[in-house]
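Structural overview for review
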Amino acid sequence: MNSLYKKSLLKITDFTKDEIKKIISLSKILKKNRKNKKEVKYLKNKNIALIFEQESTRTRCAFEIAAYEQGANISYLTSHNIHLGYKESIIDTIKVLERLYDGIGYRGISHQTIKVLSHNSNVPIWNGLTKKYHPTQLLADLLTIEEYIPNKKISEIKLAYVGDASNNIANTLLELSFLIGFTLHIVAPKKYWPKLNIMQKIYQTNKKKFLCTEDIKMGVQNVDFIYTDVWVSMGEEKSEWDKKISLLKKYQVNQKMLSYTKNDDIKVLHCLPAIHDKNTKIGKKISKLYNLHEGIEITNDIFNANSEIIFDQSENKLHTLKALMVATLKKDIFKI
Ligand code: CP
Ligand code: NVA
C-alpha cells in the first residue's frame, strides 16, 4: 500500500520517517532516469495547480518543470489572477479547484491559509513555503546532504543552522532533525531562536543531539554542514533590517566562522536567494547602510567556494518535488 497516496505535506512531520525516506529514494531514481533520458511519465492526464501568493524562482519553476516532465498539466495562479480571498473565500476557491485539479502547490505567508486549504480539499496540498514552514525546501536539502556524504548515515551528520533561527527554514530543520535523528545546533542570538513550542518536540525526543546556543565557537565546532538563510524573510517589514542586523551581524557565515568548525571539509548550505554581494538592490543598500561590504548573511568568498552544493540544493528541488507529486498522486508507484 502507498501510504503517501493523496497525502498533503504542510509540515515535515505530516510524513513519517519511512515516508520521507521513500520520497528521497524515489527522487534519486527520478533524477537518474532524467539524466539518462529515460524519464517515465507517471502523471499523464493529471492536473496540477500552483497557488502562489508570494514571489518564487526555484520552487515555482521546479514544480512546473517537474509537472511538465511527468506529463501533467499545470496552472499558475496568484491572488492577482484568481478570486482568492478578496471576492471569493479561500474555502469556496478550494472547492472549485479540487474538482478540476489532482493536486495543489501553495506558497503564501499565512500557515493558517494552507491549513484551511488542506482541511477543505480532497486533493493533496503541498507547502511551497509559508512563514512557519518550508518542507519542500528541506526535502531538496536532505537529498543534497545524502549526495554529499555517501559514506555516512544521515542520522550521523552534524549540522549547525546559523543566523535568523526564528524563520521557516530553522523551524523545518528542527522538524526534520526530530524525525530523522541527526545532530542539529541552532546558533543564533536568543531573540531569534525558534519558538519554544517548535523546539519542544525535539527537547522531548532528541535532546542529546540538539543544542541551541548564542555561542558561535561552541555551536559550529566539529559540524559537517553549516546552513544559513536570509536575515529578513518574505512577509517581514523592510524596517526589520534595522532591528535585526545589529544582533545578527556577528552570525555572518565567513572564513572566521568556518575556522571554528575545525573541519577542513566543512560544507555550507543556503536555500537561496542569498545576499552575498552587491549585485542586488537589497545587497547594495544593506551593505552600504551597515558597512557589510563582503556580503550579508554569507560572505561572497564562502558563497562562491560552496556554490556547487548550494546550486545542487536548488536543482534537487526539481527531483524531490517530482517525487513528492508522483508519490502522492500515483497509487501504485512503489510497486513499479
Ligand atoms: N528556496 C526557495 O524556496 O527559493 P524560491 O523563493 O526562489 O522559490
Ligand atoms: N526564510 C526565507 C526562505 C526563502 C526560500 C523566506 O521565507 O523568505
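Labelled according to an unreviewed UniProt entry, the protein appears under the name Ornithine carbamoyltransferase, originating from Buchnera aphidicola. Recorded in UniProt for the protein, the comment headed Subcellular location (unreviewed entry) runs: "Cytoplasm". Heading Sequence similarities (unreviewed entry) of the UniProt record for the protein holds this comment: "Belongs to the aspartate/ornithine carbamoyltransferase superfamily."

Focus on the UniProt feature "domain: Aspartate/ornithine carbamoyltransferase Asp/Orn-binding" (unreviewed entry) in the protein
As annotated by UniProt and renumbered to match this structure, "domain: Aspartate/ornithine carbamoyltransferase Asp/Orn-binding" (unreviewed entry) occupies residues 156-327. Across residues 156-327, the secondary structure splits into 47% helix and 13% strand, with the terminal C-alpha atoms separated by 27 Å.

Remarks on the site of ligand 2
By nearness alone, every residue bordering ligand 2 is listed as Leu129, His134, Asn167, Asn168, Asp229, Val230, Ser233, Met234 and Leu272. Between ligand 2 and Asp229 there is a distance of 2.6 Å, counted from a nitrogen atom to a side-chain nitrogen or oxygen. Contact distances for ligand 2 include 2.7 Å between a nitrogen atom and a side-chain N or O atom of Ser233. In isolation ligand 2 offers 270 Å² of accessible surface; the protein chains occlude 95% of this area. Class assignment of the residues belonging to the shell around ligand 2 gives a composition of 4 nonpolar, 4 polar and 1 charged.

Observations concerning a positive patch on the surface
Among the surface-exposed residues, Lys115, Lys131, Lys132 and Lys195 lie close enough to one another that they form a single positively charged patch. For Lys195, the location among the structural elements is in the loop between β6 (183-187) and α7 (196-205). For Lys195, a relative accessible area of 62% corresponds to the exposed category.

Digging into the nonpolar core
As a rule of thumb, nonpolar side chains are buried together in soluble globular proteins. Among the nonpolar cores identified, the biggest contains 82 residues, and Ile20, Ile48, Leu159, Leu173 and Ile226 are the most heavily contacted of them. At 10 residues, the largest contribution of residues to this core is made by helix α13 (residues 307-329). With sequence-adjacent residues up to four places away left out, Ile226 is seen in contact with Ala160, Val162, Val220, Val253, Met257, Leu258, Thr261, Ile266, Lys267, Val268 and Leu269. Within the second largest apolar cluster, 14 residues are counted, among which are Ile51, Leu84, Tyr106 and Leu117.

Brief notes about helix α9 (residues 240-248)
Of the positions making up α9, those classed as buried are Glu240, Trp241, Lys244, Ile245 and Leu248. One face of α9 carries all of its buried residues, which in axial projection span an arc of 105°. For α9, the exposed residues set more than 90 degrees away from the buried face come down to Asp242 and Ser246. Elements that come into contact with the buried residues of α9 comprise α11 (281-290).

Thresholds applied
Residues numbered from 1 in each chain as written. Chains lettered and ligands numbered in written order. Predicted model: local features only at pLDDT ≥ 70, side-chain atom pairs only at ≥ 80, totals over all residues. Heavy atoms only, no water. UniProt positions renumbered as here; feature names shortened; annotations may be inferred. Helix = DSSP H or I, 4+ residues; strand = E, 2+ residues; numbered from the N terminus. Near = heavy atom within 4 Å. Polar contact = N/O pair within 3.5 Å; in protein donor to acceptor, adjacent residues only side chain to side chain. Areas by Shrake-Rupley, 256 points an atom, 1.4 Å probe, with all protein chains shown as cover. Nonpolar A, V, L, I, M, F, W, Y, C, P; charged D, E, K, R; others polar. Patch = residues over 30% accessible without salt bridge, like charges linked within 9 Å, V, L, I, M, F, W, Y side chains within 5 Å. Salt bridge = Lys/Arg side-chain N within 4 Å of Asp/Glu carboxyl O. Lys, Arg positive; Asp, Glu negative; His and termini not counted. Charge placed at Lys NZ, Arg CZ, Asp CG, Glu CD. Buried < 20%, exposed > 50% of the residue type's maximum accessible area, 1.4 Å probe, protein only. Core = buried A, V, L, I, M, F, W, Y, C linked by side-chain atoms within 4.5 Å. Contact = heavy atoms within 4.5 Å. Arc of directions from axis to C-beta.

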